[in-house]
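# Architecture and fold: a report
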Amino acid sequence: MTAPEETAVVPASDEELAAAGTECAFVRICRAGQVPEGYVRRFYAETEHGQMELAVARVDGKAYATSNYCTHLDCLLSSGKLQDDGIRCSCHNSVFDLQTGEPIQPPATEPIRTYPVREEDGQVLVGLTERDVVEGGPRRRKPPSM
Ligand code: FES
């Protein structure tokens, strides 16, 4: 058995970012039931501009979508825990506000990205622009489906 293939992080160039569109489209991410109250999970958005990894959480019945990598040392936020005021990274306990992405407990000092979420017909949809996908493209490739 081989480990899942990982994708190197290659930041988008200034030219690529400047050319990327900023029109937001809502993309289906998962069923609402896949994000139970008090949990955060990793999902992959499949967009016409490419694949994007997200952390999707639910607190007080409301779903939130953020980037999946802590701005301190890149740990997965989908491996973290939710608390009243945000999402706590499991590596060194930074806490980020789920609504704004701002760090509310160190050591992280930079915000994570947050994305608008809609729930319709039992589905969770996240608003993403082409620029979001170019900037936050795949960090770890989605495992092949069995
Ligand atoms: S990597 Fe998240 S707090 Fe250090």
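What comes next concerns the included structure.

Reading guide: rules and limits
Residues numbered from 1 in each chain as written. Predicted model: local features only at pLDDT ≥ 70, side-chain atom pairs only at ≥ 80, totals over all residues. Helix = DSSP H or I, 4+ residues; strand = E, 2+ residues; numbered from the N terminus. Buried ≥ 20, exposed ≤ 12 C-beta atoms within 10 Å, placed from the backbone. Pairing = 2+ DSSP bridges. Axes fitted to C-alpha atoms, helices over the stretch in contact; angles between N-to-C directions.

## Brief notes about unusual backbone geometry
Residue Pro-107 follows Pro-106 across a cis peptide bond; omega there is 20°. In this fold, Pro-107 is placed in the loop between strand E8 (103-105) and strand E9 (114-115). The backbone of Asp-74 shows a phi angle near 75°, a positive value even though the residue is not glycine. On the neighbour-count criterion, Asp-74 (13 C-beta atoms within 10 Å) is partly exposed. Unlike most non-glycine residues, Asp-121 shows phi in positive territory, near 50°. Turning to its location among the elements, Asp-121 is positioned in the loop between strand E10 (117-120) and strand E11 (123-128). Under the C-beta neighbour-count criterion, Asp-121 is labelled exposed, with 8 such atoms within 10 Å.

## A look at the sheet that holds strand E2 (residues 40-47)
Strand order in this open sheet of four strands is E2-E3-E4-E9, and the pairing throughout is antiparallel. A strand with exactly one partner marks an edge of an open sheet, and here the two such strands are E2 and E9. Summarising the sheet, strand E3 (residues 50-59) and strand E4 (residues 62-66) pair through five bridges and their orientation is antiparallel. If you follow Val-59 over to E4, its bridge partner there is Lys-62.

## What to know about the sheet that holds E10
Spatially, E1-E11-E10 is the arrangement adopted by the three strands of the open sheet, whose pairing is antiparallel. Both outer strands of the open sheet, strand E1 (25-31) and E10, are each paired with one neighbouring strand and no more. In this sheet, neighbouring strand axes are inclined to one another by 30° on average, regardless of whether the strands run parallel or antiparallel. Taken together, the six bridges between E1 and E11 define a ladder with antiparallel strand orientation. Bridge assignment links Val-27 to a residue of E11, and that residue is Val-126.

## A closer look at the pairing of E11
In terms of strand pairing, E10 meets E11 through four bridges, oriented antiparallel. In the strand pairing of E11, Glu-119 is matched with Val-124.

## A short note on the environment of Gln-99
Looking at the element boundaries, Gln-99 is found in the loop between strand E7 (95-96) and E8. Separated by 34 residues in the primary sequence, Gln-99 and Ala-65 place their C-alpha atoms 8.8 Å from one another.

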